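Structure assessment
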Amino acid sequence: MPTTRAPAKDMTDPAGPAGRSAVRTLLRLWPYVRPVRVRLFTAAFVAIVASCVGLVIPLVLKWMVDGPVADRDPAGVWLGALYLLLLGVAEALLFGLRRWMVARPLSHVEAEMRAELYRHLQRLPVAFHDRWASGQLLSRATTDLMLLRMFLAFPLTFLLVNGVTIIVGVVIMLVQDWTLGLVILGPAVPVMITCIVFEKRYAEVARLAQDQVGDLTTVVEESVLGIRIIKGFGRHRTQARAFHGLSRTLRGTELRKAGLLATIWGVIVTLPEVAIGAALVLGTVRVADGQLSAGTLVAFLSTALALRWPVDSIGFLLAMSQEAATATERYFEVMDAEPESDRSAAGPGEPRPAEGDGLRFHHVGFRYPDAPADSPPVLEDIDLHIRPGESMALVGATGSGKTTLTALVPRLHEVTSGRITLDGQDITALPRAELRSLVAVAFEEPTLFSASVGENVLMGADGTAGAAELDRALDVAQAGFVRQLPQGTATQVGEQGLSLSGGQRQRLALARAVVGRPRFLVLDDPLSALDVHTEAAVEAALRRVLADTTALIVAHRPSTVLLADRVALLSGGRITAVGTHHELLSSNAEYAHLMSGEQEDAS
Ligand SMILES: Nc1ncnc2c1ncn2[C@@H]1O[C@H](COP(=O)(O)OP(=O)(O)O)[C@@H](O)[C@H]1O
Ligand SMILES: [Mg+2]
């Protein structure tokens, strides 16, 4: 369990935020948006209509000022007021309708994208998860997707709606009066330039902030999972300092975002305001000169004021779009990672095994994908044959590569050279699902899920295994203790449930491995946390199971080793000796040394 903060391992973006186009990135969302496109377009259309209804209001004002007001006709004024009221109500209703139209489909889009991300995460190879900090994945599945939903609901529509509104409004103003219209249009160019500059800068900072949220999530997650260690070692201060450091950095980034937003807002709000002021002065002069009707000036200015919100909002709509583009980018960084493939390595001429051939390693070499290129491989030229029904113990010093070797059989990692065969068939030629139903595994670090004991164990079998199989597996693993649990095998365990001891969890993991009566069993030191008596009982029961199972068992204690028919010694990444326990004990000094050390431990 990592107690100190591991840096977010993979957040490199080869193109860099500056090198991508926000629009092109956002276009990748189309497949997810497609199913709701009709709704979305209709809603946008409704919003455009609503916005344009708002623009009719100044025209009614003009009619009122130049007509009934000038003629002192109270009935006409009342009629005008009624029109205004109706237009206002219509505008509000249409905007409400738009909201109602998009809310449900967009939560659907978000849920769909999240489900797809989860599915993809399950299919990504272990090597991917080794590289990525879990907080980075978590933040992508939560914050980033929320940003995307908000983008689809709001900025996407309103960039369009406000754009159309501004164009229609400007046309109305130009039609009212050319000169005043050009005065209002004056700031357009500087505003656009500011927007472009702003977008670039904001993209970089937004990406930084979202990555930092991922880092922060990682720290929180590790602190929660490692809470015992943190408390036990009195590390809460250091941990809190790490957290504070990160959240200060994040705050700094957020402040930079706010600063950029403030700048663009300053420009976007001030320049048009100045233009409106200038138009007001010029317009008043021309009304006084009799070149312009009062109604036209009223209409012109109220149109200009009606456009203030669409123009002002562009700053933060662009900001939200940038964040959405970043979120999309982060989402697809995960989605683009290559999942485990079922490419068939074996040619069509692969000889089918006549009968069982057991588990064979043919000149297997392995190097972790993220290992430095000049480091020696973890495993080299491993040649090992475990005969059908035989159980082979794998012994080696810590770090010699035992866990790595066992992980190669169910293809949690792919061999870098050589091949592994099950009954003569290359494991890369088997569909993964089939391979993993043939091979059952139990690891030293047993993982239980938030589910009942029974569900956790039966996970090791296809859906057909029932209560009888469960009982048998629990007996083999000497996990009778579960019957004393408050609700027996229905007791909830895992993070949300009852805490079990290390040995208890190991026994459940072992039960999970044997419940499906697998042809091949791979156990990575599955008894390390058991006391000697329990271990002996598990072994006796395992021996019956192992009678017709081909098994590779990583072991430390002589008692576990004795369970196996033969022993292989792993040293320096190679198999240096194979034989029975007693043969190796008398002929191999390293083996004798490993066993003697362990004997003292076990007693
Ligand atoms: N995911 C990984 N990425 C890179 N190196 C690893 C990884 N896991 C283990 N190693 C390295 O591989 C070597 C063998 O590890 P391991 O198979 O766990 O040994 P053992 O189980 O025999 O103690 C160690 O040097 C370890 O540091
Ligand atoms: Mg190990």
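Since we're looking at a predicted model, the values are computed, not measured.

Attention shifts here to the overall build of the protein. The number of helices and strands found in the protein is 22 helices and 12 strands. For 603 residues, the compact-globule estimate of 2.2 N^0.38 gives 25 Å, and the C-alpha radius of gyration of the protein, at 35 Å, exceeds that figure by more than 25%. Principal axes of the C-alpha set define a box for the protein whose edges measure 120 × 60 × 50 Å. The contacts in the protein between residues at least 6 apart in sequence include a share of 78% that link residues at least 24 apart. Carbon together with sulfur atoms contributes 62% to the accessible area of the protein, which is approximately 29300 Å² in total. Of the side-chain charges in the protein, 56 are positive and 62 negative, and the distance between the mean point of each set is 5 Å.

You can read the domains of the protein as domain 1 (27-335) and domain 2 (359-595). Centre-to-centre, using C-alpha coordinates, domain 1 lies 55 Å away from domain 2. Looking only at domain 1, the three residues that lose the most surface to domain 2 are Val126, Ala127 and Asp130, adding up to 63% of its buried area. Where domain 1 touches domain 2, the interface holds 0 salt bridges. Summed over the shared surface of domain 1 and domain 2, the number is 0 residue pairs in polar contact (both at pLDDT 80 or more). Sort the elements by how many residues they give to the side of domain 1 that touches domain 2 and helix α5 (residues 126-131) lands first, with 3 residues.

Look at helix α11 (residues 236-288): 75 Å from first C-alpha to last across 53 residues, which is about the 78 Å you get at 1.5 Å a residue. Count one or two residues on from α11 and you reach Gly290, which has phi positive near 80 degrees.

Now for the site of ligand 1. The environment of ligand 1 is made up of Asp130, Tyr368, Asp370, Val378, Ala397, Thr398, Gly399, Ser400, Gly401, Lys402, Thr403 and Thr404. Between an oxygen atom of ligand 1 and a side-chain N or O atom of Thr404, the distance comes to 2.5 Å. A total of 560 Å² of accessible area belongs to ligand 1 in isolation, and the protein chains cover 61% of it. The element contributing the most residues to the shell around ligand 1 is helix α14 (residues 402-408), with 3 residues. Split by residue class, the shell around ligand 1 holds 3 nonpolar, 6 polar and 3 charged.

The next subject is the nonpolar core. Counting residues in each nonpolar core, the largest one holds 36 residues, and the members touching the most others are Val457, Leu474, Leu508, Leu521, Leu523 and Leu542. Every residue in contact with Leu523, bar those within four places of it in the chain, is listed here: Ala442, Leu510, Ala513, Leu542, Leu552, Ile553 and Val554. Counting residues in each nonpolar core, the second largest holds 34 residues, with Met101, Met113, Leu148 and Phe151 among its members.

The end-to-end C-alpha distance of helix α19 (residues 532-546), which contains 15 residues, comes to 20 Å, matching closely the 21 Å that a straight helix rising 1.5 Å per residue would cover. Of the positions making up α19, those classed as buried are Thr534, Glu535, Val538, Glu539, Ala541, Leu542, Val545 and Leu546. For α19, the secondary structure elements touched by its buried residues are β3 (391-396), α17 (467-476), α18 (502-514), β9 (520-524), β10 (550-554) and α20 (558-562). By the N-cap criterion, in which a side-chain oxygen at the helix start approaches the backbone nitrogen of a residue two or three places on, α19 is capped by Asp531, the distance to His533 being 3.1 Å.

The subject of this paragraph is the packing of helix α7 (residues 155-176) against helix α13 (residues 308-335). Running from amino to carboxyl end, α7 crosses α13 at an angle of 150 degrees, the nearest separation of the two axes being 10 Å. When the axes of α7 and α13 are compared, the pair comes out roughly antiparallel. Classified by chirality, the crossing of α13 by α7 is left-handed. Across the interface between the two elements, Pro155, Phe158, Leu159, Asn162, Thr165 and Ile166 of α7 pack against Pro310, Val311, Ser313, Ile314, Leu317, Leu318, Met320 and Ser321 of α13. When its residues are assigned to classes, the contact of α7 with α13 shows 10 nonpolar, 4 polar and no charged.

Following the sequence through the fold, Arg114 ends up in helix α4 (residues 74-123). Counting along the chain gives 30 residues from Arg114 to Asp144, while the straight-line C-alpha distance between them is 10.0 Å. Once residues lying within four places of it in the same chain are set aside, the contact partners of Arg114 are Ala141, Thr142, Leu145 and Met146.

Time to look at the confidence of the model for the protein. The predicted model of the protein averages 85 in pLDDT, with 93% of residues at 70 or higher. Helix α22 (residues 589-602) is the least confidently modelled element of the protein, averaging 72 in pLDDT, while strand β11 (residues 566-571) averages 95, the highest of any element. The low-confidence segment residues 1-18 (pLDDT under 50) makes 33 contacts with residues lying over four places distant or belonging to another chain. For residues 598-603, every residue scores under 50 in pLDDT, and the model assigns this stretch 6 contacts once sequence neighbours within four places are set aside.

Okay, the packing of aromatic side chains next. Using the criterion set out here, one finds 11 aromatic pairs in the structure. Plain terms: the ring middles of Tyr331 and Phe332 are 5.2 Å apart, the flat faces sit at 85 degrees to each other, and that makes the pair edge-to-face. Note on accessibility: Tyr331 and Phe332 belong to one class, buried. Counting every residue linked through ring pairs, the aromatic cluster contains Tyr32, Tyr331 and Phe332. Arg28 extends its terminal NZ or CZ atom over the ring of Phe332, reaching a point 3.9 Å from the ring centre.

This part takes up the side chain of Thr303. Position of Thr303 among the secondary structure elements: in helix α12 (residues 294-306). Only 2.6 Å separates the side chain of Thr303 from the backbone oxygen of Ala299, close enough to count as a polar contact. When sequence neighbours within four positions are dropped, the list of residues in contact with Thr303 reads Leu55, Pro58, Gly169, Ile172 and Met173.

Our next topic: the sheet that holds strand β12 (residues 574-579). On the basis of which strands lie adjacent, the open sheet formed by 6 strands has the order β6-β9-β10-β3-β11-β12 and mixed pairing. Strands at the two margins of the open sheet, each flanked by one partner only, are β6 (439-442) and β12. Each neighbouring strand pair of the sheet contributes to a mean axis angle of 20 degrees, computed without reference to strand direction. Across 5 bridges, β3 lies against β11 in parallel orientation. When the sheet's bridge partners are listed, Gly396 is paired in β11 with Leu570. Contacts between α18 and the sheet are confined to β6 and β9, with β6 contributing the most and set at about 180 degrees to the helix.

The next subject is the side chain of Arg411. Mapped onto the fold, Arg411 is located in the loop between α14 and β4 (417-422). For Arg411, a relative accessible area of 1% gives the class buried. When near neighbours in sequence (up to four residues on either side) are disregarded, Arg411 contacts Glu340, Ser341, Ile427, Thr428, Leu430, Arg432, Leu435 and Arg436.

Our next topic: the pairing of β4. Where strand β1 (residues 359-366) and β4 come together, 5 bridges link them in antiparallel fashion. Residue Arg360 lies in a different strand from β4, and its bridge partner there is Thr421. As judged from the 2 bridges shared by β4 and strand β5 (residues 425-426), these two strands associate in the antiparallel manner. Each bridged residue has a counterpart across the sheet, and for Leu422 the counterpart in β5 is Gln425. In textbook terms, the turn of a hairpin is the stretch between consecutive antiparallel strands, and for β4 and β5 this stretch comprises 2 residues, one of which, Asp423, has a positive phi near 45 degrees.

The rules behind each value
- Residues numbered from 1 in each chain as written.
- Chains lettered and ligands numbered in written order.
- Predicted model: local features only at pLDDT ≥ 70, side-chain atom pairs only at ≥ 80, totals over all residues.
- Heavy atoms only, no water.
- Helix = DSSP H or I, 4+ residues; strand = E, 2+ residues; numbered from the N terminus.
- Rg over C-alpha atoms; globule rule 2.2 N^0.38 Å.
- Contact = heavy atoms within 4.5 Å.
- Areas by Shrake-Rupley, 256 points an atom, 1.4 Å probe, with all protein chains shown as cover.
- Lys, Arg positive; Asp, Glu negative; His and termini not counted.
- Charge placed at Lys NZ, Arg CZ, Asp CG, Glu CD.
- Domains from an automatic or database assignment.
- Buried area = accessible area lost by both parts, 1.4 Å probe.
- Salt bridge = Lys/Arg side-chain N within 4 Å of Asp/Glu carboxyl O.
- Polar contact = N/O pair within 3.5 Å; in protein donor to acceptor, adjacent residues only side chain to side chain.
- Expected span 1.5 Å × (residues − 1).
- Near = heavy atom within 4 Å.
- Nonpolar A, V, L, I, M, F, W, Y, C, P; charged D, E, K, R; others polar.
- Core = buried A, V, L, I, M, F, W, Y, C linked by side-chain atoms within 4.5 Å.
- Buried < 20%, exposed > 50% of the residue type's maximum accessible area, 1.4 Å probe, protein only.
- Axes fitted to C-alpha atoms, helices over the stretch in contact; angles between N-to-C directions.
- Parallel < 35°, antiparallel > 145°, perpendicular 65-115°, else oblique.
- Left-handed = near helix turned anticlockwise from the far one by under 90°.
- pLDDT = per-residue confidence, 0-100.
- Phe/Tyr/Trp six-rings, centres within 6.5 Å; stacked < 30°, edge-to-face > 60°.
- Lys NZ or Arg CZ within 6 Å of the ring centre and 35° of its normal.
- Pairing = 2+ DSSP bridges.

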